[in-house]
Amino acid sequence: MTPGEHAPDPRGAGTPAEFLARLQALKDWSGLTYRELTARAEEHGDVLPRSTVANMLARPTLPREELLLTFVRACGVAPAALEDWRTARRDLARRGPHAPASTPAAPSASPQGSLPDGSGGPSEDPVPSRHVPSVDPVPSRHVPDASVDPAEDSAPRPRPRDPSGDPPEDSAPSPRRLPGPSAGPSEDPVPPPSWPGDPGPQGGRPGMSSRIRRALVAAVAVAGLVLAGVSVVAVLRDGGTGPAGQPPRTPAAPTAPSAPGAGDVRIRVAGTEFCLGERRGVRSGQVHQLPCAEAGFPRYSLAAVAAGRWRIVSHHPDFGPGCSGIPSGGRIPDAAYEDSECGDPSRAEVFALEPYGSPVRGHRIVPVGSATPGSCVTVVGDRTAAWARLAQAPCAPDATGQLFTFERAP
């Protein structure tokens, strides 16, 4: 309930339709979901099935007095104001044709089939139940957990000893000439190499060893230049990011998210490690973002309703199948995005999944038929934190906090 705002007053209602509108306004004022109303009624010792509340608010006739008082009490109205609601209902019921009194409704008149709606007969649901819509959501599928690969052996392996690390025993260091007074300026610092058949400087042709040395020096220089050129070409082709001889390392292009399809899915907040889910042990049905490693409660699936229209079906271990949606038809701008019973006429639970970006970065979840046009399901609050809640908010031009991907459930 909104602090400082008074509860709706039933005394001004002149017709059953106006009375029902004030009951809906009372629920909105309470800020409670159908699950929370059921739990609040149980705290008072009452029975208030969620489907009964939904039917009561959707029908044009007055609810039974007992159901009315149970609902009003669960919404948090002060005990002194209960009599105002009872009196207003009795006054409308006495007017006859102008405001027909509540009579047992025929089963075919109920929008929910044969489910009791509280407007007639003592066949009201004795215990909380969830109603599954006529549009069959995709049945839940059990997929075994993916096997985990065993960790690789990380023990260090002994490195082989380099056979060339130690010099061979039979190799001797090259003789060096140490500079000294006896060394003349014309002496060669390194003795000339001995070639087979070369008689040496004593018996061969003069200048032969000098020409060989010059040829060797030139050959070494040319080889060095060739190697340097090859290295430069390899670096230029590699872009300076990888070893020579390998193609340039370029970052992989991002993969566009796949188009949504019917079946079990994991709903991820695009570009993050957060996925959608509920908080365990809480009955509100509020959807949050949480680390994907902890997601999976409840499981979600997509069920096609029409071309480009989807229901997001939740498979809750305690409450069974349900649907994600926006309460009160989206009339409240910041209405919560929550999981509840499917087929509730007061909720917006059919969505368009609109791709965004070129290439596609994700999909917006847009409520179809929301009373607040131009709204998107949005992560509100601190979008970098786990357990930030989701709610209806205006669609932003940059789609911040409003893009989601629908991955096949692991």
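Structural data are supplied above this passage.
Owing to the predicted nature of the structure, the values given are computational and were not obtained by experimental measurement. One numbering rule holds for all chains: residues counted from 1, following each sequence as written. Given that the model is predicted, a residue must reach a pLDDT of at least 70 before its local features are reported, and side-chain atom pairs must reach 80 or more before they are shown or counted; all residues, however, enter totals for whole chains, interfaces and linings. Side-chain numbers here rest on the full set of heavy atoms in the structure, without hydrogens or water.

In this section: the environment of E349. Along the chain, E349 turns up in the loop between β7 (338-340) and β8 (351-356). Type-normalised accessible area, obtained with a 1.4 Å probe on protein chains alone, sets the label of each residue: buried when under 20%, exposed when over 50%, and partly exposed for intermediate values. For E349, a relative accessible area of 5% puts it in the buried group. C-alpha separation for the pair E349 and I312, spaced 37 residues apart in sequence, amounts to 7.7 Å. The criterion used for residue contact is that any of the two residues' heavy atoms lie within 4.5 Å. The contacts of E349, once residues within four sequence positions are left out, are W310, R311, C323, S324, G325, E341, C342, G343 and D344. Within 3.5 Å is the distance limit for a polar contact, defined as a pair of N or O atoms, with the added protein rule that one can donate a hydrogen and the other accept it, and that residues adjacent in sequence qualify only through two side-chain atoms. A distance of 2.6 Å separates the side chain of E349 from the backbone nitrogen of G343, its partner in a polar contact. Of note is the side chain of E349, whose polar atom sits 2.9 Å from the side chain of R347. A helix here means a DSSP run of H or I that spans at least four residues, while a strand means a run of E at least two residues long, and both kinds are numbered starting from the N terminus.

What follows deals with the state of the cysteines. Only a pair of cysteine sulfur atoms within 2.5 Å counts as a disulfide in this structure description. Considering all chains together, one arrives at three disulfides under this definition. Linked covalently through their sulfurs, C323 and C342 form a disulfide whose S-S length is 2.0 Å. Because the torsion about its S-S bond is 95°, the bridge between C323 and C342 counts as right-handed. Taken together, the residues span a long stretch of sequence, with C323 in strand β6 (residues 320-325) and C342 in the loop between β7 and β8 at a distance of 19 residues. Each member of the pair C323 and C342 is classed as buried. Note that C376 is cross-linked by a disulfide to C395, the S-S spacing being 1.9 Å. Because the torsion about its S-S bond is 95°, the bridge between C376 and C395 counts as right-handed.

Leaving glycine out, the prevailing phi sign among residues is negative, and the prevailing peptide bond configuration is trans. Here the residue pair F297 and P298 is connected by a cis peptide bond, since its omega of -5° sits within 30 degrees of zero. Following S358, the chain continues into P359 via a peptide bond in cis, with omega recorded as 0°. Within the secondary structure, P359 is located in the loop between β8 and β9 (362-367). Backbone geometry at S328 places phi at a positive 55°, although glycine is not the residue there. One can find S328 in the loop between β6 and β7. The class for S328 is buried, based on a relative accessible area of 4%. Although it is not a glycine, W387 sits at a positive phi angle of roughly 70°.

It is worth spelling out the packing of helix α1 (residues 16-30) against helix α4 (residues 65-74) at this point. Axis definition: a line fit to C-alpha positions, over the contact stretch in the case of helices; interaxial angles, taken between N-to-C directions, run 0 to 180 degrees. Contact pair α1 / α4: the axes reach a minimum separation of 10 Å and the direction vectors enclose 30°. Overall, the two elements α1 and α4 adopt an arrangement that is roughly parallel. In terms of crossing hand, the pair formed by α1 and α4 is left-handed. Contacts between α1 and α4 pair F19, L23, L26 and K27 from the former with L68, F71 and V72 from the latter. For this classification, Asp, Glu, Lys and Arg are treated as charged, while Ala, Val, Leu, Ile, Met, Phe, Trp, Tyr, Cys and Pro are nonpolar and the rest, including Gly, are polar. Class assignment of the residues belonging to the contact of α1 with α4 gives a composition of six nonpolar, no polar and one charged. With respect to orientation, any angle under 35 degrees is reported as roughly parallel, any angle over 145 as roughly antiparallel, any angle of 65 to 115 as roughly perpendicular, and every other angle as oblique. Take the far helix as your reference; a near helix turned counterclockwise from it by less than a right angle gives a left-handed crossing, and one turned clockwise gives a right-handed crossing.

Our focus in this paragraph is the packing of aromatic side chains. Whether two aromatic rings pair depends on their centres lying within 6.5 Å, for rings of Phe, Tyr and Trp, where Trp uses its six-membered ring; planes under 30 degrees apart make the pair stacked, over 60 edge-to-face, and the rest tilted. Under the counting rule described, the total for this entry stands at two aromatic pairs. Ring centres of F19 and W85 lie 5.7 Å apart, and the angle between their planes is 70°; on these two criteria the pair is classed as edge-to-face. With F19 in helix α1 and W85 in helix α5 (residues 79-94), this pair connects stretches of sequence that are 66 residues apart. Each member of the pair, F19 together with W85, is buried. Here Y337 and F351 contribute two aromatic rings whose centre-to-centre distance is 6.0 Å and whose plane-to-plane angle is 70°, an arrangement assigned as edge-to-face. With Y337 in the loop between β6 and β7 and F351 in strand β8, the pair connects residues that are 14 residues apart, well separated along the chain. Look at NZ for Lys and CZ for Arg. If either is within 6 Å of the ring centre and within 35 degrees of the ring normal, a charge sits over the ring. Across from the ring centre of Y34, 4.5 Å away, lies the NZ or CZ of K27, which sits over that ring.

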